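The chain contents come next:
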Amino acid sequence: MSAKRAVFLDRDGTINFDPGYIHKPEDVHLLDAAAAGLRLLRPHFTLIVVSNQSGISRGLYTHEDVRLVNERLLELLAAEGAGVDAIYYSPYKTADNMPCRKPGTGMFLQAERELGVALAGSWMVGDRSTDIEAGCAIGARTILLPLPPDAPEMNAEPHFRALSLFEAARIILREEGLPVPE
């Protein structure tokens, strides 16, 4: 039996609004149609969040804060009939040069080991160059959402661009030859 493919998703700016270093559950707000996009993907893919959370190593918030934010995200998604299968995060900043921080592939390899997903042939959806670079490094097809104003220049070209997670989900379904609901 072959491993199920995944859609890897950045968290902040992809599923929820990104006010910068989000660390309070009450500040978690879903992006428009993010839950609808996840609902489209759920029957066909394992859905995995991979998120850089350098605010931990910067001393801005704690692992517990990230846990509470992730719990709130899952609550909001569940209220809209959506969800994800796992959430992985890296607490390091770029200067720490850790392989689990995107564009490194550590979180993806962990998901492969723990969840049995196939990396090659999977997808990565995110709003920064590091998301696209990491997706390319694991052999996934990539979709770039609109870049935040403070985003550094792109170091990799995405396979596709979309305006929202819902639009990205429709691209994925279309490219996979799966039915694309209106």
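Before reading on, note that the structure itself is shown above.
Everything in this summary refers to the structure shown in the same document. (Residues numbered from 1 in each chain as written. Predicted model: local features only at pLDDT ≥ 70, side-chain atom pairs only at ≥ 80, totals over all residues. Heavy atoms only, no water.)

## Digging into helix H3 (residues 106-115)
- Within H3, burial applies to Gly106, Met107, Phe108 and Ala111.
- Looking at the buried side of H3, the elements it contacts are strand S1 (5-9), strand S2 (46-52), strand S3 (86-90), strand S4 (118-126) and helix H4 (129-137).
- Where H3 terminates, the next one or two residues include Gly116, which has phi positive at roughly 70°. (Buried < 20%, exposed > 50% of the residue type's maximum accessible area, 1.4 Å probe, protein only. Helix = DSSP H or I, 4+ residues; strand = E, 2+ residues; numbered from the N terminus. Contact = heavy atoms within 4.5 Å.)

## Some remarks on the packing of aromatic side chains
- Under the counting rule described, the total for this entry stands at two aromatic pairs.
- Relative to Phe160, the ring of Trp123 has its centre 5.9 Å away and its plane inclined at 35°; by these criteria the two rings are tilted. With Trp123 in strand S4 and Phe160 in strand S6 (residues 160-161), this residue pair connects regions lying 37 residues apart in the sequence. Judged on exposure class, the residue Trp123 and its partner Phe160 are both buried. (Phe/Tyr/Trp six-rings, centres within 6.5 Å; stacked < 30°, edge-to-face > 60°.)

## Some points on the state of the cysteines
- One pass over the full model with this rule turns up zero disulfides.
- The structure places no disulfide on Cys100, whose sulfur is separated from the nearest cysteine sulfur, that of Cys136, by 20 Å.
- Judged by relative accessible area, Cys100 falls into the partly exposed class, the value being 21%. (Disulfide = S-S within 2.5 Å.)

## Notes on the nonpolar core
- Of all hydrophobic cores here, the largest spans 32 residues; its most connected members are Val7, Leu9, Ile15, Leu77, Val125 and Ile143.
- Going through the elements one at a time, S1, helix H1 (34-41), S2, helix H2 (63-79), S4 and helix H5 (165-175) are the ones with two or more residues in this core.
- At six residues, H5 tops the list of elements feeding residues into this core.
- In contact with Val125, other than residues within four places in its own chain, are Val7, Phe8, Leu9, Asp10, Thr14, Ile143, Leu145, Leu165, Ala168 and Ile172.
- Counting residues in hydrophobic clusters, the runner-up holds 15 residues, among them Ile48, Ala86, Tyr88 and Met107. (Core = buried A, V, L, I, M, F, W, Y, C linked by side-chain atoms within 4.5 Å.)

## Thoughts on the sheet that holds S1
- Strand order in the open sheet formed by six strands is S3-S2-S1-S4-S5-S6, with parallel pairing between adjacent strands. Strands at the two margins of the open sheet, each flanked by one partner only, are S3 and S6.
- One ladder, built from five bridges, connects S2 with S3; its direction is parallel. Bridging from a neighbouring strand, Asn52 pairs with Ser90 of S3.
- Set on the sheet, H3 makes contact with S1, S2, S3 and S4; between it and S3 the angle comes to about 145°. (Pairing = 2+ DSSP bridges. Axes fitted to C-alpha atoms, helices over the stretch in contact; angles between N-to-C directions.)

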